[in-house]
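Fold and geometry: a report
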Amino acid sequence: MSDTTQSGPVLAADGTPLKRSLARALRMQKLRALMLIAPLLLFILLTFILPIADMLFRSVENRIVSDTLPKTVVALQEWDANSGEAPGEDVYAALAADLIVAVEAKTHTRLGTRLNYEMTGISSLFRKSGRKVKRWDLAEDAPFKEKFIDIDKDWADPEVWRTIQTYSPKYTNGYFLNSIDMQKGADGAEARPENQQIYITLFQRTMFMSLVITASCIVLAYPIAWILANLPARSANLLMILVLLPFWTSLLVRTSAWKVMLQQQGVINDVLVWLGLVADDARLVMINNQFGTIVAMTHILLPFMILPMYSVMQTINPSYLRAAKSLGATNWTAFWRVYFPQSVPGIGAGSILVFILAIGYYITPEIVGGTKGVFISNRIAYHISSSLNWGLAAALGAILLVVVLLLYWAYDKIVGIDNVKLG
Amino acid sequence: MADASNSDAFVEFERVQKSYDGETLVVKDLNLVMPKGEFLTMLGPSGSGKTTCLMMLAGFETATHGDIRLGGVSINNIPPHKRGIGMVFQNYALFPHMTIAENLSFPLEVRKMGKSEREEKVKRALDMVEMGAFGGRRPSQLSGGQQQRVALARALVFEPELVLMDEPLGALDKQLREKMQFEITDLAHRLGITVVYVTHDQTEALTMSDRVAVFNDGRIQQLAPPDLLYEEPENSFVAQFIGENNTLEGTVKEIKDGLALVQLDDGELIDCKPVNVSQPGERTRVSIRPERVEYNKERLQEGAHTLKAEVLEFIYMGDIFRTRLRVAGNDEFIIKTRNAPDQVRLKPGQQIEIGWLPEDCRALDA
Amino acid sequence: MKLTKLTALAASTALCAPMAFAEMADEMTIVSWGGAYSNSQLKAYHEPYSEKTGVKIINDESSAEAVAKLRAMNEAGNVTWDVVDVVAADAMRLCDEGLALEIDADTQLAPAPDGTPASEDFGELLVSDCFIPQIVYSTTFGYRTDMVGDTPPDDICDVFDLETYPGKRALEKRPINNMEWALLCDGVAKEDVYDVLETEEGQEQALAKLDTIKDSVIWWSAGADTPQLLADGEVVMGSTYNGRLFSVIEEQKQPVGMLWDAQVFDLDGWIIPAGLSPERQARALDYIMFATDTQRLADQAKFISYGPARASSAPLVGQHAELGIDMAPHMPTDPNNAKNTFLYNYEFWADYRDDIDAKFQAWLAK
């Protein structure tokens, strides 16, 4: 439509500008299409996008301090944390005023729990103080500094005040620092004491174990997928049912079954002892360690590797192998140079599936992982359900998410995501 | 039958049988001798055993019984990759993850050939099929005809003496197919290679081959050069399968002086050349090619038998006219006439008389 | 072996739907731990209460995740639980977070039959304003009687004695209890344990002591693990809840003995979620009044070997409802068992839990 320049807009039959009536017709079409996908869109938004957004938000959100102690936070701005001395009376007065309100709303203990993540002992400090402050009167009981220190001498400790000051902004990177074994110290970020460093180790271990699990899935799944793809349909269906069978059993049952198989008084050890391959007093330790986790998780995730491999292999015409052989290739060369490269997309798809699933597993490592076989997800689960440190859990989860996205990006760069096929 | 000492024999099948299930034979007692440099086509309907024969020769199937020899040596126990036979597959089977040049280089690499030699041979092979500019492309970026040429070049690049082709032109459109038919035969003759070519397309078989083996029901029905096959089919299957054919059924009355007198089922008598009938009283199928039927009396030989016919349909096909007649109770009797200026165009309902030379009319098995 | 967890999982899914309607009908959702423990509550509390009032009680077995779930429900503004069974430490945290209702013991709980007010009857077990104690249980050790030779362990420090009692031990995968036991066996006096544990050095001392047996420890996280490990002979001794050991010894007749030394008392009881509608809150309070009176608490001990939380219930503890054995000697509070005991220090662990847990997990991962 190049004619809008001089002669004015082209008109439709009813006199409205053609562009407008076209836009209206298209809008109707788009709306109708949108209506069709609306349920799915809504579902994804509610169950996927929003929770992730919420998680990312929680990992930096820290409004509880300024909400609970608004006056104290303002009063504390002037105080120099490195002075080595507790703040002056004005701060204590502000704290008293804040606490009286907070105790009424019962939010002071919640704040105590929050700050206790950063400094041990603040939880009981707030709980204890709350009981006393409840009976105070702002006008009559001033000054408050001595009174607070009477309740607990920790109120004279500059470290307590430094913690409150450090965490007074509405948003904090504290959870993320914690996630990478660091903390907010007197002079900005610093490494945590060595005896508290765990998350980097766990991230590394999670990556390493997931890679090993993915690799062992590849090794085990490849021949099975190959047989599946080359069997006549009827036998292939039967074998496929066997492959899918584990899906019909609960994850817990399968994991527990591995426990029965692998433990020292378990089936495998019993057989080995009976065969005389292993002495009765030197039974193999195959569970509650990395080995157990790898075995159990490989078993659980194997179908996720077999299925994409199978569907890709099904599309590889057997005449390629014949062609290669007719061209003079031995069976091995024909496989390695011709068949294998064509099955790589299936391996790629299976590996991405298995790796991403493995990275987020926690039930199986919890049951069979012992101390060396646990994943970062176990810590996330602990912070969600036991320590209630959801901010830290969110930060760990966010890092895991970023790591997965990074790996995906790297995979795309190195292998190319077009080289991933599900069939 | 030929034996191993036959100096002319390059490919030999001797009493070869093949069964997949142990109950039925797909290939029954196959005997075939091929000299070096021959272009032989195995032609037949699907399920006739021709592809199985090719696969046995390539080594992808093993013969249940019998001996297959190549250059006088039995190859029954030689794995396919050691047979040194080039092969072109129906779907080309170009390796999709390799470029065209890599595809061609593959057979040379597995033969541990040096890099420079490889490159030179690949280039020569690609030039030979006029695909020199496409070495860096992937198979999926080529058209069907181009892929076909590459597949051909790949089967030839390691200079095999024997090349097998399994319906290689099946996926191409008509024009391209005709062009490729010519190119393949030309190439084969230029290089002096021996070719076994499998197809179910009789035109392809007739135009390309030195000899054609017509397969049916696990047996070779006739092995002959194309012209003989067309003009002198040895049985009614071959007559029916190769080219267009009119069939009239009847009974042999007498055989005399190399001519058989056949009484058709509606009582009329005609003269035929007896091919595989031997005595009076035998049932027979009489075969006449549509282009050998004549209705212009002036062109008919004197004393020739004529039959009454009614024109049912006239079809104008450009270069020829195709006319459907009712002859001796057969509604599907076809005649073909050249579109010449003086040619009469028949009209449906017209009553005519038709005739032919006795030697063009062959009395075959019923 | 994982049956409780499995049923818990199944039940929680199955209960999701009916929970939404809890508001309307005359029914309430009570959350507990599942297994034998839920069963004892069903027999001692739920059934008599339903009979008395007609209120239908729905059992949810989510106590293990109660704190997290209550917090999530509270954030979503839709609390579907009416009464929740939690350990005292969780009750304190729920109270701190404002997720549980504060209870006035003397007005909202039944007095003892002799008129003693509830606050005195429960005494110092009322560790939190929101917590209504129900039972006293202990975490203690069981050992395989057939694997310890002629001198069964009778001292907590036998756990750390690998020479006399070789083999694996099962310990809970958390610092609580393990740190105390380690210090006790490293020469720290019982009354000094928490003072020592407050310091960095004390924590390191405890971990160093645990280091001496670290290679022989299987760490458990579910209460059912140790009984199963003992029954399978995977461990020679292991810590778990005394009720679990009772069931292994008396109900399953496994060769397991109890090491009561330095058992750690802990409390389990009810909380009422904050933010219920007035009607539901009133009904929950009514249930609590009924279910924690002297007779009901004593009744529960007929089904499980945990001590009632009221002083006035102790004399009423009778025989096991099915096995017919006297329950008193199996109570952790029985004088013979309670010669050397510990009480879970709630204040201490509320403060130090996060810090020490981080160190403990880092130590475990090393």
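Residues numbered from 1 in each chain as written. Chains lettered and ligands numbered in written order. Predicted model: local features only at pLDDT ≥ 70, side-chain atom pairs only at ≥ 80, totals over all residues.

1. Concerning the overall build of chain B
Counting its secondary structure elements, chain B contains eight helices and 19 strands. C-alpha atoms of chain B, sized along the principal axes, occupy 75 × 45 × 35 Å. The burial tally for chain B puts 40% of its 366 residues in the buried class. Across chain B, the fraction of contacts at a sequence separation of at least 24, relative to all contacts at a separation of at least 6, is 64%. (Helix = DSSP H or I, 4+ residues; strand = E, 2+ residues; numbered from the N terminus. Buried ≥ 20, exposed ≤ 12 C-beta atoms within 10 Å, placed from the backbone. Contact = placed C-beta atoms within 7 Å.)

2. Considering the domain arrangement of chain B
All names here are of chain B. When cut into domains, chain B gives domain 1 (9–236) and domain 2 (246–365). A C-alpha centroid distance of 39 Å is found between domain 1 and domain 2. Taken together, the four residues of domain 1 in the interface contact six residues of domain 2. (Domains from an automatic or database assignment.)

3. Here we look at the sheet that holds strand 18 (residues 351–355) of chain B
Residue and element names in this part refer to chain B. One open sheet holds the four strands; their spatial order is 17-16-15-18, and the pairing between them is antiparallel. Each edge of the open sheet carries a strand with a single partner, namely strand 17 (330–338) and strand 18. Sheet twist, expressed as the average angle between the axes of neighbouring strands with direction ignored, equals 50°. As judged from the seven bridges shared by strand 15 (residues 306–316) and strand 16 (residues 320–327), these two strands associate in the antiparallel manner. Bridged to V311 within strand 16 is L325. (Pairing = 2+ DSSP bridges. Axes fitted to C-alpha atoms, helices over the stretch in contact; angles between N-to-C directions.)

4. Section: the domain arrangement of chain A
What the domain assignment lists for chain A is domain 1 (63–170) and domain 2 (199–419). Put simply, the middle of domain 1 of chain A and the middle of domain 2 of chain A, counted by C-alpha atoms, are 51 Å apart.

5. Some thoughts on helix 9 (residues 200–211) of chain C
Counting along an α-helix, one turn takes 3.6 residues, and residues three or four places apart therefore face a common direction. Residues and elements named next belong to chain C. Between its first and last C-alpha, helix 9 extends 16 Å over 12 residues, near the 16 Å set by a 1.5 Å rise per residue. Residues of helix 9 that are buried include every one of Q203, A206, L207, K209 and L210, and no others. One side of helix 9 holds all its buried residues, which, seen down the axis, span an arc of 155°. Residues E200, E201 and A208 are exposed on helix 9 and point more than 90 degrees away from its buried face. Looking at the buried positions of helix 9, the neighbouring elements they touch are helix 7 (178–184), helix 8 (193–197) and helix 14 (346–365). (Expected span 1.5 Å × (residues − 1). Arc of directions from axis to C-beta.)

6. Some thoughts on the interface of chain A and chain B
If you look at the interface, chain A gives 15 residues, while chain B gives 17 residues. Elements represented by at least two residues in the side of chain A that touches chain B include exactly helix 15 (319–326) and helix 16 (331–359) of chain A. Residues that form the side of chain A that touches chain B fall into these classes: six nonpolar, seven polar and two charged. (Nonpolar A, V, L, I, M, F, W, Y, C, P; charged D, E, K, R; others polar.)

7. Some points on the sheet that holds strand 5 (residues 73–74) of chain B
Residues and elements named next belong to chain B. Strand order in the open sheet formed by four strands is 2-1-4-5, with antiparallel pairing between adjacent strands. Edge strands, defined here as strands with exactly one partner in the open sheet, are strand 2 (27–35) and strand 5. The pairing of strand 1 (residues 9–18) with strand 4 (residues 65–70) spans five bridges and is classified as antiparallel. By the bridge assignment, E14 is partnered in strand 4 with D67.

8. What to know about the environment of A12 of chain A
Residues and elements named next belong to chain A. Take A12: it is sitting in the segment before helix 1 (18–58). Judged by the 15 C-beta atoms lying within 10 Å of it, A12 falls in the partly exposed class. Taking the C-alpha atoms as reference, A12 lies 63 Å from Y362; in sequence the two are 350 residues apart. If near-sequence neighbours (up to four positions away) are discounted, A12 is found in contact with L18 and S21.

9. Let's talk about the pairing of strand 8 (residues 256–271) of chain C
All names here are of chain C. With 13 of 16 residues buried, strand 8 is to be regarded as a mostly interior element. By the bridge criterion, four bridges tie strand 3 (residues 83–87) to strand 8 in an arrangement that is antiparallel. Its bridge partner being in strand 8, V84 is matched across the sheet by I271. Where strand 4 (residues 132–144) lies against strand 8, 11 bridges are found, and the strand directions are antiparallel. Across the sheet, the residue bridging to T139 is V264, located in strand 8.

10. Digging into unusual backbone geometry
In the segment running from A142 of chain A into P143 of chain A, the intervening peptide bond is cis, with an omega of -5°. Located in the positive-phi region is R15 of chain B, a residue other than glycine, with phi close to 45°. Turning to its location among the elements, R15 of chain B is positioned in strand 1. Phi at E130 of chain B is positive, roughly 60°, even though this residue is not glycine. Within the secondary structure, E130 of chain B is located in the loop between helix 3 (115–128) and helix 4 (144–156).

11. Digging into the nonpolar core
For soluble globular proteins, the rule of thumb is that nonpolar side chains tend to be buried together. Within the largest apolar cluster, 159 residues are counted, with the highest numbers of intra-cluster contacts made by L301 of chain A together with A91, L94 and I271 of chain C. It is helix 14 (residues 290–314) of chain A that provides the largest number of residues to this core, a total of 14 residues. In this view, L301 of chain A contacts I213, C217, V354, L357 and A358 of chain A; residues no more than four positions away in its chain are not counted. Of all hydrophobic cores here, the second largest spans 100 residues; its members include A334 of chain A together with L104, A309 and L325 of chain B. (Core = buried A, V, L, I, M, F, W, Y, C linked by C-beta atoms within 7 Å.)

12. Examining the confidence of the model for chain A
Per-residue confidence for chain A gives a mean pLDDT of 90, with 98% of residues at or over 70. Below pLDDT 50 for its whole length, residues 1–5 of chain A participates in four contacts with residues either more than four positions away or in separate chains. (pLDDT = per-residue confidence, 0-100.)

13. Observations regarding the interface of chain A and chain C
Each partner contributes residues to the interface: chain A has 33 residues there, and chain C has 31 residues. At the level of elements, helix 5 (108–116), helix 6 (122–133), helix 10 (199–230), helix 12 (251–262) and helix 18 (376–385) of chain A are the ones that each hand at least two residues to the side of chain A that touches chain C.

14. Observations regarding helix 2 (residues 35–53) of chain C
Residue and element names in this part refer to chain C. Spanning 19 residues, helix 2 covers 25 Å between terminal C-alpha atoms, matching the ideal 27 Å at 1.5 Å per step. Where helix 2 bends most, at L42, the angle is about 45°. Within helix 2, burial applies to G35, Y37, S38, S40, Q41, A44, Y45 and H46. Note on helix 2: the residue one or two positions beyond its end, G54, has a positive phi of about 80°. (Bend = angle between axes of the 7 residues up to and from the residue.)

15. Observations regarding the pairing of strand 9 (residues 211–216) of chain B
All names here are of chain B. Pairing of strand 3 (residues 39–43) with strand 9 involves four bridges; the strand directions are parallel. Among the inter-strand pairings, M42 is bridged to a residue of strand 9, identified as A213. Where strand 9 folds back onto strand 10 (residues 219–224) in an antiparallel hairpin, the turn is made up of two residues, including D217, whose phi is positive at roughly 55°.

16. With respect to the packing of helix 2 (residues 100–109) of chain B against helix 3 of chain B
Residues and elements named next belong to chain B. Two elements in contact, helix 2 and helix 3, have axes whose closest approach is 9 Å; the angle formed by their N-to-C orientations is 125°. As far as their axial angle goes, helix 3 and helix 2 are oblique. The element helix 2 and its partner helix 3 pack so that their crossing is right-handed. Seen from helix 2, the contacting residues are A101, L104, S105, L108 and E109; seen from helix 3, they are R118, K121, V122, A125 and L126. (Parallel < 35°, antiparallel > 145°, perpendicular 65-115°, else oblique. Left-handed = near helix turned anticlockwise from the far one by under 90°.)

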